[in-house]
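# Secondary and tertiary structure notes
Residues per chain are reported as follows:
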Amino acid sequence: MSIVVRRTNTFAVRPLSDQDEQLLRELLDASASLWNELTYERRQQFFDGESVWDTADYRKQYVGVLGSATAQQVIRKNSEAWRSFFAAQEDGEDTAPPGYWGNEDEGRELRTYIRNDQYTLETGERSRLEIPVGQDLKEEYGLGYHDRLRLEVAGDPKWEGEQGRLELYSDEVDDTFRAFQPVTVPDSRRDSPLADESAALDVGANNLVACTTTTGQQFLYEGRDLFARFRKTTEEIARLQSKLREGRYSSRRIRRLYRKRTRRRDHAQDTLVRDLMERLYDEGVATVYVGDLTDVLSAHWSAEVNEKMHQFWAYRSFIDRLATTAKEYGITVEVESEAYTTAECPVCGERDDTVRNGDVFRCSCGYERHADLGASRTFLERHAGVNLEVGSMARPVRLTWDDHNWSELSRSPERASPNEERTNRSTGDGKLASVGTA
Ligand SMILES: [Zn+2]
């Protein structure tokens, strides 16, 4: 089996004239219009309890402006969004059906997708991007039958490889057009002995992910602030719901808060997964072990907060996201039982006489460790069949979320920190102790 990885090149795109810019805007606007029309029909069908797959022929309606291939790409992208929505919904997760590009206040989001064999991208001295447009637009703008729209691109590709579906969009904030080009890169590590390392993840709320690798690295992604904000929004939703008139179940404001809550979580998860995979790839990790949902919910989290926790984490979405991103890096995700990894003492094997207080795990034999990092290490040792020497472990890398990025804190999580004070007020009831049940 040949292993490949997917990476994404980003470029700024400039039309060569005002007329070209007008044409490009029309093309992106028509794509957004197609997306929104199809989304509207599917949402109606969905809320009426009908199948969303039986729709009008939008390809036919938009072929004149977009060309057949581009119209098809937008439709395909839309179908992908619905399929992943249904998959998440099956697990009772807090996800909304696919939404529109843009909104009433700010207008449509100008965006399109172009099939991999439909565009040409050249960089260097004479950098340019050529994309197809439909016959109607060509006639309107005086392009020949075989002409494509030519645009200037700025920036060099970071990755060389086989080109995938191009995403083109208008960044209204920066007043710039941008292109995202996924490329498939042959994996240079294929013959390298480095590429058979493993890692294990422990998933929680105080710490979103604790990870240990067989190379002796540990990563800790903190979740306290993120979860606190999620909970605050949830409380605000409950407050608004209690004020609704009888017979009403939602309002515009409530729906907006739901969307905001979901978007924020998805963004943090996406970024976390990408950051983690970059790090694991650099470590030569080929396999990642992650606990199965039943274990995660039953062993780690008290029943009272299960529901909220499940909503917050959307565990199944997270695992999907993890698997999809891992694949881009040629890394395999294996879902395994992690029963007892949090409660078992790795030194004496005790399971009952151990306690957790905030981030600290203590055993009656005197052994102490960071609860989540320790759990990920035990989990890894069990499934990778290795025994990690304490002395061979690097100092854990601790990461916090600032709404855009996960960035490293220089402090070691083993030491006391302001966060620790907060968790010390907890009851010692597993991972969620410091999160509470409000
Ligand atoms: Zn012990």
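Look up a bit, the structure's there.
Scope of this entry: the structure provided in the associated data block.

Conventions we followed
Residues numbered from 1 in each chain as written. Predicted model: local features only at pLDDT ≥ 70, side-chain atom pairs only at ≥ 80, totals over all residues. Heavy atoms only, no water. Helix = DSSP H or I, 4+ residues; strand = E, 2+ residues; numbered from the N terminus. Contact = heavy atoms within 4.5 Å. Areas by Shrake-Rupley, 256 points an atom, 1.4 Å probe, with all protein chains shown as cover. Donors = N, O, S within 2.8 Å, 3.2 Å for Na, K, Ca; no water. Tetrahedral: all angles 85-135°; square planar, octahedral: opposite > 155°, others 65-115°. Buried < 20%, exposed > 50% of the residue type's maximum accessible area, 1.4 Å probe, protein only. Phe/Tyr/Trp six-rings, centres within 6.5 Å; stacked < 30°, edge-to-face > 60°. Lys NZ or Arg CZ within 6 Å of the ring centre and 35° of its normal.

### Overview of the overall build of the protein
In terms of regular secondary structure, the protein is built from 11 helices and 20 strands. Of all intrachain contacts in the protein linking residues separated by at least 6 positions in sequence, the fraction that spans at least 24 positions is 69%. Within the structure as shown, the protein displays about 22,100 Å² of accessible surface, and the carbon and sulfur contribution to it stands at 44%.

### A closer look at the coordination of the zinc ion
Every protein donor of the zinc ion is accounted for by C345 (SG), C348 (SG), C363 (SG) and C365 (SG), and the metal-donor separations fall at 2.3 Å. For the zinc ion, the four donor atoms are set out with angles of 104 to 117° between them, so the coordination reads as tetrahedral. Between the donor residues of the zinc ion, the gaps in sequence give the motif C-x2-C-x14-C-x1-C. Since its relative accessible area comes to 1%, C345 is described here as buried. For C348, a relative accessible area of 44% translates into the label partly exposed.

### Points about the packing of aromatic side chains
Considering all chains together, one arrives at 15 aromatic pairs under this definition. Taking 6.3 Å as the distance between ring centres and 65° as the angle between the ring planes, the aromatic pair formed by W53 and F86 counts as edge-to-face. Highlighted residues: W53 in the loop between α1 (18–47) and α2 (58–66) and F86 in helix α3 (residues 68–90), separated in sequence by 33 residues. One aromatic cluster in this structure is built from F46, F47, W53, W82, F85 and F86. Above the plane of the ring of W101 lies R111, whose end atom (NZ or CZ) is 5.8 Å from the centre. Just above the ring of Y169 sits the side chain of R111; from NZ or CZ to the centre is 5.0 Å.

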